[in-house]
Amino acid sequence: MNSTSFSLAYQNRGTWLDLAGGATKLLAFLLLSGISMIVLDTRFLIFLVILSLIVLKTSQVKFSEVSTLVKLVLFFMAINLFMIYILAPNYGAQLYQSKTILFGSGFYALTSQELLYLVNVSLEYIVAVPLALIFLLTTNPSEFASGLNRIGIPYKVSYSVSLALRYIPDVTKEYQQISLSQQARGNEISKKAGFLKRLKGASAILVPLLLSSIDRIESVSQAMELRRFGAKKKRSWYFSEQLKAVDYGILSAVLLIILVGVILLFVNGGRFWNPFVK
């Protein structure tokens, strides 16, 4: 029997990231992820990857906490890259307006241009994943909701996002409990089982997990209605903090990176850096 040991719960690890507000981290995540999707300059993307990995390292998040999610993302990234190559093996050549064959022949000959395009797509994933993990694991949901409301997001939307963040660890914990129950009944879905058997076992977990989540949503909705949630246009927050020096520092650094990305758009004459131009 083996449990799936991963957790996406917020923990105060006492780092500088815990001092920053939730809204600041959300803005940083959205802006950096967005600019990485717009500016497909390999040099810029490599810089963002190194930066995001350094910040993840300083957050003191252990790899064991996120290993399952990271493996899942890498699996889907591999599928995405494979499908891009299968469906459009010459897209890179069209994009960079040149064609340098590395090996192979015919329609599926691998070109330097296609390889560079696939590397850029991979870097986009690798930039976004550490940033998303930092945001999820270092953000207090209640503080995050109040921060969203402070920057102008309606409090009903802010509270809904906060609830979603709050229940991510609960859902992962329930998934582990159902998985252990299934294994106790002889349904082997640990690493010892084959891939197809584990996939079938995982699908058997999803149904009770879905029903349990719906039941939880119903309970929370009734509790909120009984407390007259939404009856007033405004509400107060238990966690309500002003922007601090660390928030201004993070936002300034992010805006500087965005500015560099915008400059690259003009320097490169578009979204793509083309090293094949002579």
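Rules of the game
Going along each chain's sequence as written, the residues are numbered from 1 onward. With the structure being a predicted model, the display of local features is reserved for residues of pLDDT at least 70 and the display and counting of side-chain atom pairs for 80 or more, all residues being used for whole-chain, interface and lining totals. Side-chain measures here rest on the full set of heavy atoms in the structure, leaving out hydrogens and waters. We call a set of buried residues a nonpolar core when its members are Ala, Val, Leu, Ile, Met, Phe, Trp, Tyr or Cys and they connect through side-chain atoms within 4.5 Å of each other. Burial here depends on accessible area, computed with a 1.4 Å probe over protein chains only, as a share of the maximum for the residue type. Under 20% is buried, over 50% is exposed, and the range in between is partly exposed. The helix and strand labels rest on DSSP assignments: H or I over at least four residues marks a helix, E over at least two residues marks a strand, and numbering proceeds from the N terminus. Whether two residues are in contact is decided by their heavy atoms, any of which lying within 4.5 Å being enough. UniProt positions are given in the numbering used here, feature names are shortened, and annotations may be inferred rather than shown by experiment. Convention adopted: a line fitted to C-alpha atoms gives each axis, helices being fitted over their contacting stretch, and angles between N-to-C directions are expressed from 0 to 180 degrees. These descriptions rest on fixed angle ranges, namely under 35 degrees for roughly parallel, over 145 for roughly antiparallel, 65 to 115 for roughly perpendicular, and the rest for oblique. What makes a crossing left-handed is the near helix being turned counterclockwise from the far one by less than a right angle; a clockwise turn instead makes it right-handed. Residues are grouped as follows: Ala, Val, Leu, Ile, Met, Phe, Trp, Tyr, Cys and Pro are nonpolar; Asp, Glu, Lys and Arg are charged; every other residue, Gly included, is polar. Salt bridge, as used here, is a side-chain nitrogen of Lys or Arg placed within 4 Å of a carboxyl oxygen of Asp or Glu. Two aromatic rings, drawn from Phe, Tyr or Trp (for Trp, its six-membered ring), form a pair once their centres lie within 6.5 Å of each other, and the interplanar angle then sorts them: stacked below 30 degrees, edge-to-face above 60, tilted otherwise.

### Examining the nonpolar core
So, point 1. If you look at the biggest cluster of nonpolar residues, it comprises 24 residues, and the most contacted ones within it are L26, L32, I35, F44, L48, F144 and V254.
So, point 2. Listing elements by their share of this core, those giving two or more residues are α2 (22-38), α3 (42-58), α6 (112-137), α7 (141-150) and α10 (245-268).
So, point 3. In this structure, I35 is in contact with F44, L48, I258 and G261, ignoring residues within four places of it in sequence.
So, point 4. Y85, Y96, L116 and V121 belong to the second-largest nonpolar core, a separate cluster that totals 10 residues.

### Comments concerning the environment of A23
So, point 1. Along the chain, A23 turns up in helix α2.
So, point 2. Once the C-alpha coordinates of A23 and F144 are considered, the two residues, 121 residues apart in sequence, prove to be 5.7 Å apart.

### A closer look at the UniProt feature "transmembrane region" (unreviewed entry) in the chain
So, point 1. Residues annotated in UniProt with the feature "transmembrane region" (unreviewed entry) correspond here to residues 26-56, 68-88, 115-137 and 245-267.
So, point 2. For residues 245-267, helix accounts for 100% and strand for 0%, while the C-alpha atoms at its two ends are 33 Å apart.

### Points about the packing of α3 against α10
So, point 1. At their nearest, the axes of α3 and α10 sit 11 Å apart, and the two run at 165° to each other. By the criterion of interaxial angle, the relationship of α3 to α10 is roughly antiparallel. The two elements α3 and α10 meet at a crossing, and its hand is left-handed. In this structure, α3 uses R43, F44, F47, L48 and L51 to contact α10, whose residues at the interface are I257, V260, G261, L264 and N268.
So, point 2. The class makeup of the residues in the contact of α3 with α10 is 7 nonpolar, 2 polar and 1 charged.

### Looking at the pattern of salt bridges
So, point 1. Inspection of every chain in the model, using the stated rule, returns 2 salt bridges.
So, point 2. E174 is paired through a salt bridge with R216; the nearest N and O atoms lie 2.6 Å apart. Of this pair, E174 sits in helix α8 (residues 155-184) while R216 sits in helix α9 (residues 195-226); the two residues are 42 residues apart in sequence, bridging distant segments of the chain.
So, point 3. Look at E174 and you get buried, because its relative accessible area is 16%.

### Thoughts on the side chain of T111
So, point 1. Along the polypeptide, T111 turns up in strand β2 (residues 110-111).
So, point 2. Setting aside its immediate chain neighbours within four residues, T111 contacts K99, T100, I101 and L102.

### Considering the packing of aromatic side chains
So, point 1. On inspection of all chains with the given rule, the structure shows 7 aromatic pairs.
So, point 2. The interplanar angle of 70° and the centroid separation of 5.6 Å between the aromatic rings of F75 and F76 together place this pair among those described as edge-to-face.
So, point 3. On the basis of relative accessibility, which here comes to 49%, the residue F76 falls in the partly exposed class.
So, point 4. Clustering of aromatic rings is evident, with ring pairs tying together Y85, F107 and Y108.

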